[in-house]
Amino acid sequence: MTLLSASGLVLGALIAARLPALPTPLLLPALALPALCALGLPRTGPYVRALAAVVAGFCLSGTWGHMKLADRLVPALEGRDIEVIGVVATLPARVDRGLRFEFDVESAPPGVPGRIALTWYDARPAGHAEPGADARPPLPAGSRWHLPVRLKRPHGNMNPHGFDYEGWLFARGVGATGHVRARIDGAAAPRLIDADASGLRYSIQRMRAAVRDRFERVLDVRDGVSVSCPWAGVLIALAIGDQRAIPAAQWTLFERAGLTHLVSISGLHVTMVAALAAWVCAALWRRTPVLALRCAAQRAGVLAGLLAAIAYCALAGFGIPAQRTLIMLAVGSLALLGGRFSSPFDALATAVCVVVPVHPLAVIDPGFWLSFGAVALLFYVAAGEVGTIHPLRRWSGAQAAITIGLAPLTLALFGRISLLAPLANLLAIPVIGLAVTPLVLVSVLLPVDAFLWLAHALTAATMAVMAWLVTPDRALWQGAAPPAWAVLTALSGAVCALAPRGWSGRALALPMMLPLLLLPPRPGAGELTVTVLDVGQGLAVHVQTAMHDLVFDTGPRYGVEADAGERLLLPYLRAQGVRQLDALVVSHADSDHSGGAASLLDGLPVLRVLSSVPAHDGLRLRRPDTEDCAAGQAWVADGVRFELLHPPPGAVALGGRSANALSCVLRVHSRHGAVLLTGDLLAEGETALVEAGAPLAADLLVSPHHGSRTSSSPSFVNAVAAREVVHTVGYRNRFNHPHPAVVARYREAGTLQRRSDRDGAVRYRFTADGMAVERSRETDARYWHNRF
């Protein structure tokens, strides 16, 4: 009965989380009242109770959503300079040229939400600073400040199968993002009011900051990097849950080995800490007669384990994953103390019934499904065990069960599965969980540097073995994003595979998991699919025919270790089932078009590269076989013609007055429609194409230079005569793209205009039925997404 209620609660919350708009707030209490009454009546049937739980979960999640939507920045305050007073609520994290942190607002103009995410940039180098600009002062966690800020509503990139940044912020209660203004005319400069704001949560943040500072000092971490102790970020993550000091290369290793859960304060670590504390307490309790006579050692151990878990989660900052783990442990502890649950599944279901009301949007978090799924799988496998089983066999069986059972979810959520995860976890979990983590926690309590050095040595040795283990490319299996029905079918197959031996239904496991191998449908012969991705202020376009794939531009670079190729393009292409690119065209050298090229070349085989970048550019150093773009180059793939129209032959070798002047222009033509991709082509280049009589007519145009007033000249717009144009622009970009004059020009030409900041990724399918259009912000709309 509890299991049915928990399933209903999760289903109701999930339905609410997938709505593009929430029902009116007045409707939710009217639905919730009879549902709660049905749940409270003792004689309610199990299926009626499950239905009531669905309604209750829906109403609870919807009500929570309305409360959070009411606490978001009002549009009228976007882009305005305002002053706020509040407290630094999280550990400031080092980012490119500044610090990023969350800020609890205590005083602000009406319409400013209670929590905002801010970036405080470093002062510009000498000679480039704004008049009156001051160096950024130290920013301790838990300090109260008076800050001049400029805010905007939460907004993220929207692409098929992409990360929902807006949903992540919404679940954290962040109602606006922005940056600190060094100085505003007529307003005070940033000012520290109180270095130690009162409140338990701020005291916890200061304690975490002190731990991080000590670890960084002992392990010689400077600006987030340690040469002598490269795994320092892992130790900091194990101590306080701050993973931002772990470099990208190490994350890649963890992903290939299936060890990402080991470097976060997850259920595994919290449970191990609680179990270790319970074992030590119970052992000492039994040896103390006075205590043993007053309370059973087992009960004392359970309470000690729970207290240890609370302390560890506090050290982790009580993040949502840590809270979820703590709730699960608390429910399990109460079950052991009271003996109220007939089975472990009842305890797990009760934990779900507590987690979902506390965090209704946890159902969109992959960690929710993976953590509860892993525990459920362990219970399921243990229930089928017969007789005495050797501990090593039980341990290895548990790792295999988790890998097989969670494979469908892992593939659906992340697009890849580590084939060596069972072996890697079998070796790494005992070292990291039973040796490194206790050493790290002892180092938190005792100022003995030797414990940290030993923990680092053990981590380095373990990861050296993992690096050797996952060196072959076959260690990681990547698949296309499976449809929902395939995931559900494969999960059923995994349950069959893990069923007790002798059950005839186990033969169904493999056939039921085969749908995971299905690839998304591709265009037919002569057909064409073009996806203009949402990469912010930049450009990336995927062109797909029946058997070939081309990418035009790779989006911007976001920082030292982040770019659109790694964050957006590669996940999208893998989800589409693309295993290699037949051609990559990098239109020119500007970083908003070429910033992701290196990551894309590292992540996928690329057969041919064309570009107008100069000879010294990093793209040519990485791919010496890069061809110069030149008008007249053409090829045909699957009945679709690709033709370069610009720059003129030899122009790349001679150079141009700017990178934009050499921008590659590609026309893709099928029997069902044509597409013109222009990069950052300037007006003079447009004029040259028009005067040369180039074949510019197209059904779809990606606007030159993001709709800048230096492009989209009247003669060019008229020559293309596009049915639709897409402006690839960043939300509230500082360039004011697309320019109002350009927007008016396309409107006068009768061209329907799309914007990547408003529509997300836009996909065009050219078939015999015409041109079909899909917009990510429409097809994947959720009620928390920004609309303007």
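Conventions we followed
Residues numbered from 1 in each chain as written. Predicted model: local features only at pLDDT ≥ 70, side-chain atom pairs only at ≥ 80, totals over all residues. Heavy atoms only, no water. Helix = DSSP H or I, 4+ residues; strand = E, 2+ residues; numbered from the N terminus. Buried < 20%, exposed > 50% of the residue type's maximum accessible area, 1.4 Å probe, protein only. Contact = heavy atoms within 4.5 Å. Disulfide = S-S within 2.5 Å. Pairing = 2+ DSSP bridges. Salt bridge = Lys/Arg side-chain N within 4 Å of Asp/Glu carboxyl O.

Draft legend 1. Local environment of the environment of Cys353. Relative to the elements of secondary structure, Cys353 occurs in helix H12 (residues 344-358). Judged by its relative accessible area of 26%, Cys353 is partly exposed. Separated by 164 residues in the primary sequence, Cys353 and Ala189 place their C-alpha atoms 47 Å from one another. In this structure, Cys353 is in contact with Ala6 and Leu9, ignoring residues within four places of it in sequence.

Draft legend 2. Up close: the state of the cysteines. Tallied over the full model, the rule gives one disulfide. One disulfide bridge connects Cys629 with Cys664, the sulfur atoms lying 2.2 Å from each other. Since a negative S-S torsion denotes a left-handed disulfide, the Cys629-Cys664 link at about 95° is right-handed. Here Cys664 lies in the loop between helix H23 (651-654) and strand S18 (665-670) and Cys629 lies in the loop between strand S15 (627-628) and strand S16 (634-637), a separation of 35 residues in the sequence. Relative accessible area serves as the criterion here: at 1%, Cys629 is assigned to the buried category.

Draft legend 3. Examining the sheet that holds strand S11 (residues 540-544) more closely. Across the sheet, which stays open at both edges, the eight strands sit in the order S15-S14-S13-S12-S11-S10-S23-S24 with mixed pairing between neighbours. The sheet terminates laterally at S15 and strand S24 (770-775), the two strands that pair on one side only. The pairing of strand S12 (residues 549-554) with strand S13 (residues 583-586) spans three bridges and is parallel. Across the sheet, residue Val551 finds its bridge partner in S13, namely Leu584.

Draft legend 4. Main features of the pattern of salt bridges. Counted by the stated rule, this structure contains 32 salt bridges. Arg777 is paired through a salt bridge with Glu166; the nearest N and O atoms lie 2.6 Å apart. Residue Arg777 is located in helix H28 (residues 776-779), and its partner Glu166 is located in helix H4 (residues 165-171); the two are separated by 611 residues in the primary sequence. The exposure classification of Arg777 matches that of Glu166, with both residues buried. Each of Glu102, Asp104, Arg115, Arg172 and Arg201 takes part in a single network of salt bridges with overlapping partners.

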